[in-house]
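# Analysis of the macromolecular model
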Amino acid sequence: MRQNIVAGNWKMNLTYPAALALAGEITALLADAPAGALPCVVVCPPFPFLTGVGEKLPQGGPLHLGAQNCHQKESGAFTGEVSAQMLATVGCEYVILGHSERRQHFREDDELLGQKLKVALAAGLKPIFCVGESLDTREADDTFAFIAKQLKDGLFHLSNEEFAQVVIAYEPIWAIGTGKTATSAQAQEVHAFIREQVARAYTAEAAQNVSILYGGSANAQNARELFGQPDVDGGLIGGASLKAQDFVAIIRSF
Ligand code: PGA
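Residues numbered from 1 in each chain as written. Predicted model: local features only at pLDDT ≥ 70, side-chain atom pairs only at ≥ 80, totals over all residues. Heavy atoms only, no water.

## Brief notes about the packing of aromatic side chains
Aromatic ring pairs are described here by two measures, namely the spacing of the ring centres and the angle between the planes. Under the defined criterion, the tally for this structure stands at seven aromatic pairs. On the numbers, 4.5 Å between centres and 15° between planes, the contact of Phe227 with Phe254 is stacked. Here Phe227, found in helix 11 (residues 223–227), pairs with Phe254, found in the segment after helix 12 (244–251); they are 27 residues apart in sequence, far enough to count as distant. Exposure remark for Phe227: the relative accessible area of 7% places this residue in the buried category. Looking at Phe254, the relative accessible area reads 35%, which means it is partly exposed. (Phe/Tyr/Trp six-rings, centres within 6.5 Å; stacked < 30°, edge-to-face > 60°. Helix = DSSP H or I, 4+ residues; strand = E, 2+ residues; numbered from the N terminus. Buried < 20%, exposed > 50% of the residue type's maximum accessible area, 1.4 Å probe, protein only.)

What follows is the structure in structure tokens.
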């Protein structure tokens, strides 16, 4: 059975005190939820805040810690970088990989992402692997071919066992931080397509089990409709994850 997941990508925002306060508020707002009533919630703060935020999340509950990136090598002379194993040892269970901002601003390509996936999996992290088309690609009617290629080149080199640890996030670039959300029908269409690609590359069972999250201007107003789609298993939330009330409203939208 696949899991419903809501992940908050805090990006390069907040100060340490503000991050601790946000984690505390989210925890408090979710404290009265009966066990099993909530989806899996992942908060992904910036690197320096991971330990402190992790300490705010009650063990064994719905809240989990994730990072926004990791380096592609296991360890070594890479000044300023952070390894997957470091993340695992400070309590991270998830790591976002292949976000369009990393692909665009840091030129992360499929080969590099392939290395990052391998080290993340070897460290026991669950990758949240992002795919998504630009507005040009959508307008040229190339969305499906583009997504199929991103999946094939970026992800489908993993073994069955490795793939079973992966969460996929569909994030149309034109919807990220723009206030333009994909309609629930547009999201569902692409999510169903992604699941079909997984079934072809792996098995029907793998396709049924993989969680596929939607990201791109998801908020407390549109989450219920998005999450109501049969192939949308949750969200990767940017802006709206920085406000505890909004993020919790999204979490409660299932
Ligand atoms: P957004 O960002 O919700 O602010 O559009 C989503 C993301 O980039 O993960």
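Past the structure itself, the notes keep going.
## Things to note about the side chain of Thr143
As for its position among the elements, Thr143 is in helix 7 (residues 143–154). Looking at Thr143, the relative accessible area reads 6%, which means it is buried. Setting aside anything within four residues of it in sequence, one finds Thr143 in contact with Glu133, Thr137, Arg138 and Val190. (Contact = heavy atoms within 4.5 Å.)

## Section: the packing of helix 7 against helix 9 (residues 184–201)
Direction vectors running N to C along helix 7 and helix 9 enclose 40°, while the axes themselves pass 10 Å from each other. Taken as axis vectors, helix 7 and helix 9 run oblique relative to one another. Relative to helix 9, helix 7 is oriented so that their crossing is right-handed. Across the interface between the two elements, Thr143, Phe144, Ile147, Ala148 and Leu151 of helix 7 pack against Glu189, Val190, Phe193, Ile194 and Gln197 of helix 9. Its residues assigned to classes, the contact of helix 7 with helix 9 comprises seven nonpolar, two polar and one charged. (Axes fitted to C-alpha atoms, helices over the stretch in contact; angles between N-to-C directions. Parallel < 35°, antiparallel > 145°, perpendicular 65-115°, else oblique. Left-handed = near helix turned anticlockwise from the far one by under 90°. Nonpolar A, V, L, I, M, F, W, Y, C, P; charged D, E, K, R; others polar.)

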